Structures are given as structure tokens and as C-alpha cells.
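Listed here are the chains, written in short residue letters.
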Number of protein chains: 2
Amino acid sequence: MRGLLLLAVCATLSPAYADEGMWTFDNFPAAAVKQVYGADITPAWLDHVRLSTIRLSNCTASFVSPEGLFLTNHHCVEQCLAELSTKERSPLDLGFSAPNRQDEQRCPAQQADVLIGTENITDAVLKAGSGLDDAAANNARKKVLTSLEQSCEQSSAKAKTGRLVCQSVKLYQGRQFFLYKYKRFTDVRLVFAPEADIAAFGGDPDNFQFPRWSLDFSILRAYENNKPARTPDFLQIDFAGPSANQLVFVAGDPGSTARLQTRAQLQFERDITLPLSLMRASELRGRYIQFGKASPAEERIVEAPLNSLQNGIKVRRKQLDALNDDALLAGKSAAEETLRVSSHLTGADPWHEIESALNRERFLYVPYTFIENGAGFSSALFRDARLLVRGADERRKANNERLREFTEASVPSIERDLFARVPVYPEFEELTLSFSLERMREWLGPDHPVVRKLLTKESPDELATRLIAETKLDDARLRQQLWVGGKAAVDASHDPMIELVRLIDGDARAIRKRFEDEVEAPIAAAAERIAAARYKVQGTNTYPDASFSLRLNYGTIEGWVENGTPVEPFTYLDGAFERATGTSPFKIPASWQSQKARLDMRTPFCISTSNDIVGGNSGSPLIDASGRIVGLMFDGNIHSIAGHYWFNSANNRAIAVHPAIIREALEKVYGAKELLAELSGINLPQTSESPDNLLKVRASAPQ
Amino acid sequence: MRGLLLLAVCATLSPAYADEGMWTFDNFPAAAVKQVYGADITPAWLDHVRLSTIRLSNCTASFVSPEGLFLTNHHCVEQCLAELSTKERSPLDLGFSAPNRQDEQRCPAQQADVLIGTENITDAVLKAGSGLDDAAANNARKKVLTSLEQSCEQSSAKAKTGRLVCQSVKLYQGRQFFLYKYKRFTDVRLVFAPEADIAAFGGDPDNFQFPRWSLDFSILRAYENNKPARTPDFLQIDFAGPSANQLVFVAGDPGSTARLQTRAQLQFERDITLPLSLMRASELRGRYIQFGKASPAEERIVEAPLNSLQNGIKVRRKQLDALNDDALLAGKSAAEETLRVSSHLTGADPWHEIESALNRERFLYVPYTFIENGAGFSSALFRDARLLVRGADERRKANNERLREFTEASVPSIERDLFARVPVYPEFEELTLSFSLERMREWLGPDHPVVRKLLTKESPDELATRLIAETKLDDARLRQQLWVGGKAAVDASHDPMIELVRLIDGDARAIRKRFEDEVEAPIAAAAERIAAARYKVQGTNTYPDASFSLRLNYGTIEGWVENGTPVEPFTYLDGAFERATGTSPFKIPASWQSQKARLDMRTPFCISTSNDIVGGNSGSPLIDASGRIVGLMFDGNIHSIAGHYWFNSANNRAIAVHPAIIREALEKVYGAKELLAELSGINLPQTSESPDNLLKVRASAPQ
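First, a word on scope: everything that follows refers to the structure included in this document. Here the residue index of a chain counts from 1 through its sequence in written order. To read the labels, note that chains go from A and ligands from 1, taken in the order they are written. Reporting of local features is limited, given that this is a predicted model, to residues whose pLDDT is at least 70; pairs of side-chain atoms are given and counted only at 80 or more, and all residues count toward the totals for whole chains, interfaces and linings. For side-chain calculations, the full set of non-hydrogen atoms in the structure is used, while hydrogens and water are omitted.

**Here's the deal with the overall build of chain A**
Okay, step 1: Tallying secondary structure elements over chain A gives 24 helices and 20 strands in all.
Okay, step 2: The globule rule used for comparison is 2.2 Å times the number of residues to the exponent 0.38, while the radius of gyration itself is calculated over C-alpha atoms. The C-alpha radius of gyration computed for chain A amounts to 25 Å, which stays within 12% of the reference 27 Å derived for 703 residues, consistent with globular compactness.
Okay, step 3: For chain A, the spread of C-alpha atoms along the three principal axes comes to 65 × 65 × 55 Å.
Okay, step 4: A sequence separation of at least 24 residues applies to 81% of the contacts in chain A between residues at least 6 apart.
Okay, step 5: By the counting rule applied here, Lys and Arg register as positive and Asp and Glu as negative, while His and the ends of each chain are not counted. The location of each charge is read from NZ of Lys, CZ of Arg, CG of Asp or CD of Glu. Once the 82 positive and 91 negative side-chain charges of chain A are each reduced to a mean point, those two points are 3 Å apart. By the criteria applied, helices consist of DSSP H or I runs no shorter than four residues and strands consist of E runs no shorter than two, each listed in order from the N terminus. Whether two residues are in contact is decided by their heavy atoms: any pair within 4.5 Å suffices.

**Some thoughts on unusual backbone geometry**
All names here are of chain B.
Okay, step 1: Each neighbour pair has its own omega, and for F210 with P211 the value is 5 degrees, a cis peptide bond.
Okay, step 2: With respect to the secondary-structure elements, P211 resides in the loop between α8 (203–206) and β10 (218–224).
Okay, step 3: Here S584 and P585 are connected by a cis peptide whose omega angle stands at 5 degrees.

**Looking at the sheet that holds strand β17 (residues 604–609) of chain A**
Neighbouring strands of a sheet are bound in pairs by backbone hydrogen bonds; such pairs are parallel or else antiparallel.
All names here are of chain A.
Okay, step 1: With antiparallel pairing, the 7 strands of this open sheet are ordered in space as β13-β12-β18-β19-β20-β17-β16. At either end of the open sheet lies a strand with only one pairing partner, and these are β13 (551–556) and β16 (570–572). On average, each strand axis in the sheet is inclined to that of its neighbour by 35 degrees, with strand direction left out of account.
Okay, step 2: Two strands make a pair as long as DSSP finds a minimum of two bridges between them. With 6 bridges connecting them, strand β12 (residues 247–252) and β13 associate as antiparallel partners. When the bridges of β13 are listed, A251 appears paired with L552.
Okay, step 3: Between N-to-C directions, angles span 0 to 180 degrees; the directions come from axes that are lines fitted to C-alpha atoms, helices contributing only their stretch in contact. Contacting β12 and β13, helix α1 (residues 30–37) runs over the sheet at an angle of about 10 degrees to β13.

**Points about the relation of the copies chain A and chain B**
Okay, step 1: A least-squares superposition brings the copies together, and it is based on the C-alpha atoms of residues with pLDDT no lower than 70 in both. Superposing chain A onto chain B takes a rotation of 180 degrees combined with a translation of 0.1 Å along the rotation axis, leaving an RMSD of 0.0 Å. The two molecules are tied by a two-fold rotation axis, judged by turn and shift.
Okay, step 2: A high fraction, 100%, of the interface residues of chain A reappear at the interface in chain B, so the copies pair face to face through one surface.

**Let's talk about the pairing of strand β19 (residues 629–636) of chain A**
Residues and elements named next belong to chain A.
Okay, step 1: Burial classification: accessible surface area is computed with a 1.4 Å probe over protein chains only, and a residue below 20% of its type maximum counts as buried, one above 50% as exposed, and the rest as partly exposed. The element β19 is extensively covered by neighbouring structure, given that 8 of its 8 residues are classed as buried.
Okay, step 2: Note: strand β18 (residues 621–623) against β19, 3 bridges, orientation antiparallel. Bridge assignment links L622 to a residue of β19, and that residue is G631.
Okay, step 3: Hairpin connection from β18 to β19: 5 residues lie between these consecutive antiparallel strands, with G627 at a positive phi of about 90 degrees.
Okay, step 4: In this structure, β19 lies alongside strand β20 (residues 654–657), joined through 4 bridges in antiparallel fashion. Along β20, the bridge assignment pairs L632 with V657.

**Here we look at the interface of chain A and chain B**
Okay, step 1: Between chain A and chain B, the residue contacts involve 49 residues of the former and 49 residues of the latter.
Okay, step 2: Where chain A abuts chain B, roughly 3,900 Å² becomes buried across the two surfaces, and 46% of that area is made up of carbon and sulfur atoms.
Okay, step 3: Any carboxyl oxygen of Asp or Glu that lies within 4 Å of a side-chain nitrogen of Lys or Arg is treated as forming a salt bridge with it. Our enumeration of links across chain A and chain B arrives at 14 salt bridges.
Okay, step 4: The salt bridge involving D326 of chain B is made with R270 of chain A; its shortest N-O contact spans 3.0 Å.
Okay, step 5: Two N or O atoms count as a polar contact when they lie within 3.5 Å, although within protein this holds only if one can serve as hydrogen donor and the other as acceptor, and sequence-adjacent residues are included solely when both atoms are side-chain atoms. Between chain A and chain B we count 14 residue pairs in polar contact (both at pLDDT 80 or more) in total.
Okay, step 6: At the level of secondary structure, the elements contributing two or more residues to the side of chain A that touches chain B comprise α8 (203–206), α9 (263–292), α10 (296–323), α15 (426–444) and α17 (460–470) of chain A.
Okay, step 7: The leading source of residues in the side of chain A that touches chain B is α9 of chain A, at 15 residues. We define buried area as the total accessible area lost by two parts upon association, computed with a 1.4 Å probe and summed across both.

**Re the state of the cysteines**
Okay, step 1: By convention in this document, the label disulfide applies to cysteine sulfur atom pairs within 2.5 Å. Tallied over the full model, the rule gives 6 disulfides over all chains.
Okay, step 2: Here C80 of chain A pairs with C107 of chain A through a disulfide, and the sulfurs are 2.1 Å apart. Here the disulfide of C80 of chain A and C107 of chain A is left-handed, its torsion about the S-S bond being about -80 degrees. Remark: C107 of chain A occurs in the loop between β5 (105–106) and β6 (112–120) and C80 of chain A occurs in helix α3 (residues 78–83); sequence separation between them is 27 residues.
Okay, step 3: C80 of chain A sits in the buried class, given a relative accessible area of 4%.
Okay, step 4: Each disulfide pairs two cysteine sulfurs, and for C152 of chain B the partner residue is C166 of chain B, the sulfurs being separated by 2.0 Å. Measuring the twist about the S-S bond at about -60 degrees, one finds the C152 of chain B-C166 of chain B disulfide to be left-handed. Within this pair, whereas C152 of chain B is found in helix α6 (residues 134–158), its partner C166 of chain B is found in strand β7 (residues 165–171), the two being separated by 14 residues in sequence.

**Quick notes on the nonpolar core**
Okay, step 1: Within the largest apolar cluster, 85 residues are counted, with the highest numbers of intra-cluster contacts made by F377, M440, L454, L473 and M497 of chain B.
Okay, step 2: Among the elements that make up this core, the one with the highest residue count is helix α19 (residues 496–538) of chain B (13 residues). Nonpolar cores were defined as sets of buried Ala, Val, Leu, Ile, Met, Phe, Trp, Tyr and Cys residues, with membership established by side-chain atoms within 4.5 Å.

**Considerations on helix α14 (residues 411–419) of chain B**
Okay, step 1: Listed in full, the buried residues belonging to α14 of chain B are V411, I414, R416, L418 and F419 of chain B.
Okay, step 2: Tucked into the core, α14 of chain B has its buried residues touching β5 (105–106), α13 (380–394) and α18 (476–492) of chain B.

Below, the structure is given as C-alpha cells:
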């Protein structure tokens, strides 16, 4: 479960049962938990957990000390580790340990958000679209969301909270809209990461498998004003961990689920979205692997993107398996029929309206995906160029007239990404751009007008090679200059990547407009009517689909039965040594081998729990009823992938790192005493900073 | 339509209509053709066409002169062209033209079969299995087929025909079994091939597209006793070509169709077979492309395999699209229900029996595919090693006790392949073997016993590298020695590839046995009962599914209507120059550019026809009612891919090279006067052979 999966969004058909459900904090079923487990989940408990939980760019984390220290997965900081790499040295492979706070290394593009408050804006949003046709309503709502976000941010700047980031969240397929208000930390520094060999032990073969032995944790610290942030709300780690059958909770930001998509939407995913995505990802995997074989430098360049790609392949492959179960699709049809009848729906049938929109999407999906949605131009420098060209146009418009990704509220994130000096590897950019141009030609055909424009006299390879060789956008200062210079500066640029974006931007915007008006808008309108019907029948006894916003769920420490054989909920350190083959991804690093005699081989390593989580929950704290951390979520078992569509309590399991192995590692393998003391709530005196020390330890490897 | 597609086999549900149908020569609907088109297709016409038509390893061809000259596609000899390549020189890219017969180059592994006669053996086969359970019947039939093939070959050796190759053919899902008796030419020489740039103009982007401009032809000659074969049955080329709406015929060997698979079988293909195949092929494509970028030598190594892979991807992608049309699957269910009722079937429901077998196959398919069926060991040297190990074991058994691919009748082909000195590229072998081992670990999981055996201490990369570095099986003499030496020689060998085969052969045979007994046998039995029911209702008014055996179909020269726009049935040379971009695959070679002024730009180039063909028909002659060649089949339009499952007469079109462009090319571009004279039936005196000439022209490029 390496990355946040960006798929579409919905909520469950049948009332939630067992341990199913990704509940919002304002509708957590505390009474049910009390009844079944006897635990009291109070408003104070909920507030404390909420304020201790952090949303990262594509993961979750939680504060584990009052001084801004936070815990997340190793795979959640892979991007940061890659950005801190040089051609000579890779903290991703070698690990990283900062002996002192002065040695903590800033992650160039990482930020951390804490949810301070929420505001229900449903009435304002629904009013904005009322009486309009689908496309007009869809536009009107986007405008009002932009305006509400903007005024929220402006008023927060004057309040005692300090300036907040305000983001609208759509819940229950449009039955509710909220503003979520975050305190954002933009200075986030790396404190500790183990070597990739032990953090991702088992690699892609073991991904989504259990039993498991991956030490998938890392530790960072939030800073404010160049000092460790004060974070009075944090979760103490209980290094003893949980016991079997114990009640546990997971707080975090599940990325997306599609449990309430209609049967027609699931079928579209089965027939169109997943096959295209799997074929593209598979070919790209082949190209990455072969590219990485050229030399260790190339191997390092593709390491992080390859990991994330392989994760995506496994997820989508099992999603396709899930959707190929015709019985489940038939069950979906039956449930739709039941709801249609029991809710006494009048007017046009919303399921049919979604089906009609999807029939239009069958013709729009491929050009939309390649031309507007990036699949035809996989290149960081192309993305930068498009941000510059579109940003220059959009920022001249009134805030609520802009494309949603260019609103005032979005500008700080864009600038952060655009101005960051992250390394760009031209040979890798050439690979991805040439690949995507070639596949665009394949899927749109050589006679598509956009393909003809691009490839009049050049092959995909030639075009990609020329663009990457001649563009200057790998220079962060130039990007900043063009962004700040606005439309005049961008218009004056003859950078070939900028010119490429300009050449096709009219086509790209046109296909996006058609997609939004003819597909997105009618689906949104119909889905709202279905959501209203469901609310009429089922009330508030349900949870919304995941939307990469804060949720809480409960479950117990338990395994499951696989083909008649029980799978126990804990693994132990000795199992890792038994599984090791000596070659990656089953290689235990030298740091562990050399300390092997000192290690307690019966240290618990990983945990299986029945919590209902998906991608985005990576790095989530596993919490006991008293609010202590008893595990660190990092994956699900293979059955959990179908959880994107439905929750099967019999075999859907989440997987966590056990706190005991984190302590064993920090204490005996890495000798990170001060860090361990801070995690244990013991105040050690900070060692004084000597220039000597500073030199010695910058980007140092664990011992 | 680059290669023969090896998919499963069946026949049509509804009686054939319009121009649908891949008819056997003994059941060709001559009366219908007479009625609709007024043409007389006599037994003599049929015999002449049959004896003029050739089956190649994965294509069709036809004799075009009485001296063994035959015509097929360029893509059908791609393998031969690659085998004749050296690191320095590639006849695949540069083309090939033999000025004299002495310069014609033998294709190391090509053979050519002509169907001399057929014999109905249905009774003997059905009798062999009668009264036995499915698995036993399946085995008993294989034995009787082996015995019948053997006695046919033995008796032919004593007859005036000379020794024939006898192969059993199953038609109508087991309602008929035949022996097909072939005269086999094993000395086949390359006479002419244009450059790949013009032969495959448009490349993968234009594959399965029309309008089209691919000069996809090549010319070879069959030899006997080191002299051109005497071939009194041949088809004269009519260089004027056909007119629009003219009646035309295609003779040839369509590879496989699945028009009568049950709904459950199609669903299995949709859910399991096609996704796995597409993901594997896509990744391999990525690896090939990246591999080919290292240098021109690497590019040449992957050229032919990449072309064939890309063809397979396009075919399977559009097959998946076809199967994702739920309405068509629902129609299939309805037709099954109709047949179930109208045939008054008694006993167990055969459709349910197939479904049960497929439910077992869901668990067997992946291990069978990887461990037994080659997907886990993609390597020419592994295949050789397995032939040696298994061949040594199997040849000690009675002929009819052997695995079917090791019967006496199969031995000559095995020896031909095994002893041929075709180049093996170690770096390419490493790529494919490492890829397939890695994917086997992915799909079976790292804990599968076979995976554990193989990868105890090595990664897939390490294992592949070691095996390819240390095996000596790239030496054809060693392979011959081990084959001839039999079990003693093979047992004594410690070649690491032989040892690898030995290590897993027990597992591989076991999974094959389960697959044959639990899946293949019950499906065969149930399919036969369905075929009998259909025969009862529909009689002989149907054609069997394709089985890479000789068929004939009829149609007319016509285009179709695409999204409301008519597509004309002819293209012309000027269109190729308009389409050219100057870069591959839209590059017209220098030979054509330099002669451009002399060329007639209105020369017809390609033709669209309504004939019902599939992969395997590549190289088939397009024949008019008087038996002359008016085109050379090489592809279908994009809609023709769904023809694997059903024929849509509204838009399924076949694509041929027009004979006029072949003449224009031979005459004006390549100056191949003698060849053109032979093709035109004009006797030019053979120029005398001078050693000088010989040296000059060996493997020469076209002028």
C-alpha cells in the first residue's frame, strides 16, 4: 500500500456492520463501540486523536512527542529520500539517522496538515446549483466552493488560530459538503529512516502479503520558525504493543473508495479504466526495469518510481479481479433495484442517467486521459510547463472563475512544487515522455488531430529527446521567474516545452470542458439524487466513501482463515531471518546481521488487524482505547484490495508494524538513544552542537 | 495480423449468412455462391486452389509459378530474415533480392506444407473414448490419434505420393476428426523481400488500420533435391487486380477462432486469460523497447520479436474490448438457452459442466501457464533444454504413450528446430528469462514451492544471468549430440539449463496432468455434446472454428462505413507519400524516393474485402472466380479482431496488397526483371552463373 490511490469516490449501500466503516469524527458510532466492546470513546478522546493525526501529501502520520516529532511509514518518505539523494549517495538505500536536531534534513516538497476544525457548508453549495441544468450547476458549485475556501482562509488569517488552509470536502456523494480547516506545517525534516532493504523487506513480491516482516517506519519532525513545532496533542507509543483480539482504532486519511459507485460505474472501471491503466503501468514497469539495469546510478533513479508503479499494478490487478466477479456486480444491481423501489424515487432514473453519461465517457475517456489528464505527457518538466502556461492564464481571472487547481488557495502549493529544487534526470524524463507520446499515438491513433500536430515530422522518441535536451525548465530559478513574471513572461518564452503546452492547450481545455459538462456534471447530479434516496431509507447509519480526509475506524487484532488455514495476527523477528535469501528484496542489511546475536528473535514484527483501511492510511497510528499508539499501519492483506469496492469482514485485514520491533531497531541496531528517549517520553539533555559533529553526520547512514 | 494467434477452437452458433464462414474444402457452399454471385466453383477449381495453397509455420502462401516460386507476406518471413542477419547487416531492414537462383538463400527453419488429401477418422476416434470417463477418454483419443497419424505416414512412405506428413484435425468441437495429409517442402529459399520500412509502412500504429499502404509481400521458392520444386498447380497473378464489388475468395489456414466457445469460456478469457496475457506482453514490450535503445545492434535483435509482440497486444486489446460488450455475452447466453431447449438435450447440462471445469481452471490456469506452458521460462535455450530432457524420456515410450508433441510424427520438426543454427543472443535471452522468472514469482507468489525451489538464494536476475552465461546449449552441435545420445547423454549432462529443467519437470508434468484431466478432458466431452446438439438442430449448414488447417471463404471487394463516413476499398501510391513523415514507421525508403519521378502515383496499393479471415491467413492468395490471384492478404481492419468471437458483416474487413503495386515495385524500384517475368508467366533465359556474380549478390540489398 505504497501510495495514495486516486480513484473515484462514494459510500456504502447496506448499513455498516461488524468493523466496517471509515467514519468521520462527527459521526463516529461511539455507542456501538461502547455496546460491543465496552470502551468509552469520548468527545475529548476524539479531539485529542484528531489533533494528533497528520495528513501528508499521500499518507497519514501522527505526532509522537510534544516537540513536533512524528511517525509515518518509510514508503511515505521515499520521495523525500530520493530528493535528498545524490549520484553518489542514496539515503533511500542506506537509511538516515540524525544524531542531533541540527542534522535533521528538510524534505524539499513535504508538508504536514492537522485538521483544526470543520464547517458544514451543504446549504450554500446546494443553493448555488439549484434550478440550473447539470453542467451549469456543476460550474456554479465549483465557484461557490472556491469563494467559501477563499473567505475561510482570509478570515482565519485574522483569527487567533493563525492562517489556516481551507479545503472543501464532498461527502456521501454530495449529500454533505464541508470546509475542512488545516494548520499546515511547511517545514518538515527527516529524523530517521532505516535502510530500504529492511523497511521494504519482501519488496513487491510481499507487498499486500501477510505474514510479513517489513520495518516500514520513518520519523520526521515538524518545524515552525526554524524551531521544533510545539505539539501538545501527540500520541504516546506503547512499545509493548497490543494483544490478540484487543479493540483498536485507526485514525487517518483513506484516499478513495468506490463502495457506492453504481454497477455501471464499476463496469466502466472494469472495461475501460483498469485495462488501460494496467497496460500502461505494465509497459512502464518494463521500461523502468530495463533502464535501471544500465548502471547503479540508473537503478537509483528508477527505484522510487518503480516501487510506486509496482504497488499500483498490484492494486489495480486485484481490483480487476474483484470486478470480474459477476455475482458481486449482480448483487449491486439487485441492491440498486431495492433502493429504487423502497425510496419511491420519482422523475428520471438516476442510475440510467449515470449509464448514459458513461456511454458518452466511452468516447471521451481515452482522449481526456491522454491529452488533458497527463497520460500522453508523463514528464515532470511538461507538468511544470503546463502549470506555468495555464497558471499565467488562470491567475488573470477572478478567483472563482479559475480552474479549481489554480485558485488562490492552491497557489502556495503550486509555488512550493514549482520552486523546489528537486533533481530532474533528463534520461528518465526522456523515457517517460517518449513512452507516453508513443502510447498516446497507439490509443488515439496516428490520425488523431492532436497526434498529427505533435508528430508531423518527428517520432515520439525524437520529439521527447529534443524537448528534454532543449528545455531549460529544469532550472528552478527559471520556473520561479516565469511564474512570478506571469503571462507576459510566459508568452515571451520560446522554451520548447512551453511551446508544446501552448500548441495543444486549446485541445486539452476543450476535451476537459466536454468531459466536465457531459460526464462529470450529470454523474454528480444523478449521484446526489441516489444519495438523497439512500438517506431517506437508511438515515445517518452509514459512512461516506473515502476522500483523503480524516476518518476513524475500529477493529480488533486478528488474523483470518486462508483456504482453511488460520493465519495468526503476529509475526516475529526470527521469521525475517528465515525468509531472507540474501538477495534483494529478501535481503537483511548488514547493520542487522552484525547485531544479530544481541537481538531478541521473538520480538513481534508485524500485526494483522480487522480495521477497514485503504491507501492513504499508510502511516496511520493504530491506537488503543486509552489513546496510545500500539502499531503503525503500512499495508493491507491481498483481500483488502477489494475493499475499494466492498468490505468483506471475513478476510479484509490491515497490516501494521509492531512498536516492539521499532524499539528493538532503534536501541540495538541503530543505537538511536536520544530518539528512543524522546519517543519514550524521557527527557534527555540535547547534546551540544559542534561543527565537527555536523560535518560527520550530515545525511549519515545508520550505524 | 503479423502472427498466428494460438487461441482455443470452436464453430458458429447461428447458420452462416452473408460472407461469413471459414469453410472446409469438402463442405464449401458452392450452391450459395452460384445463387448469389452466379459463379461456378467446381471440384476441379477447388482441387487446383487447394494444391496451389501452402501452409507455412504460422502463415499461408501460394505457388505463383510452376517452378516452386511462392508468394507470401513480408511479415511471414521476418523470422527467416532475422536468422539471415549478422551483427553488421540486416536483410530485414535492407531487403533482399536474389538476382539468380543460385543466390536464393535458404531459410534455416522454414518449411512449406501442401494439403494432398484428407481422411475422415471420426468413427475410430469416437470409438476409442466411448464408455470411458472424461479423463480416460481424453487419453484414449490422444493415443488413437497418434497411432492413426503414424500408420498414415508409414503407409504413405510406400505409396506413389512419397512420404507425407499426417496430422489429425478436430472440427466442429469434436463432431468430426480428420487426418490431413501434407506434402512437406523442407528446403525453402528466400528470393525477394523489400525493405521493412516499405513492407511494414505504418508499423504498429497502422497495424489493423485501413486505409493502408504496406507493401507486405515477399517471394520464396520451394526446392526438392537441391532443385526448384516442380509445382504444376500454381495460381497466376493478375497484376490488374480486382474491381470494386467483385466476387473474391481467400484460401488459407486461419489459426484459431472462438466463435462457438460457451459464454463461460468467453468470460474466462475476459477475466483471466486476456488480462494476464496483456499485462505480460505490455511489460515485455517496455523491456524490449528500452533494450533496443542501447545501440543499433540491440535494436536489430529485438526488431522481429517486438513486431510480433505489438501485434499480439493490439489483437488481445481489441479482443478484450469485444468481450467487454455485455450485450454480446448476454446474446450468447440466450442462444445457449435456445439450443438447450430446441435440441431436447438429456443428461447433465454440458454448459454447466464446462462452467465447473472452468471453476477448476481458475486455480490451475496461472501455475499451468507459468510452470508448464512456458510463461515462467521465456528462453529459447530453456525450450531446447526441455525438448532434450523430455524428448529423452518420451522417446523411450511406445509412440502412442508419449506426450503428443513427442510422437514419431513430430520428431522431424523437433530435430529441424533443435539442430538449426539460428543465432542466440545471450543478452536477449537474459532479458526474457529474467522477466519471466520475475513475473512467475509475482503471479504464483514467493512462497509457491516451485518458486522457492528456483529462487532459494538467487534473484530472478541472478538466476537468469548465471544460466545463460554457463549453459552451452547455444551450440547446435551439442544439442544434436544430446538429442541423438538420448537419455544416457542427457542424464550425464550437467549443463545448468538441463539441470533447471530436471529440477522442475516433475512439478510441470504434474500440473499438466491435472490440467488435462480436470479441465481439458471434461470441456472436450461437454463441447462434443453441445456440438451434437447443434448438428441435430442446424445440420451441415455451418463451418467449423478455425484450426490452422485449410479453409476457403468468399466475399467481395468493398469498404465499409466508419462513424457515418464511407471508407473506399482501394488506396493508391500517392497516399503513401502523403502519409510519410520521414521517420520510422512512416518512412519511405531511399530506393523509392530515388525512383519517385518514374512511379505511377495512381497505382493501387491496398484493398479492403469482406472476406472472413483471421491470423494465420497472412499470406493467403485473394483469388477471383477464374482462379487468378488478385491480391495478397496481410491484415484485417480494427473490427476484424472481434471476428475471433463473432463475424459482423457490416464492418469486418480483410486487407490485401494490390498486385499492381507489387509489379510497380519489382519493375521500377527494384529492377527485378527476371522475377517479374517468372511471375508473369514469361520464360526468360536464366542468366548463367558466374562465381563473380555469386560473390556480388549474396544477401544483397535491393538496388
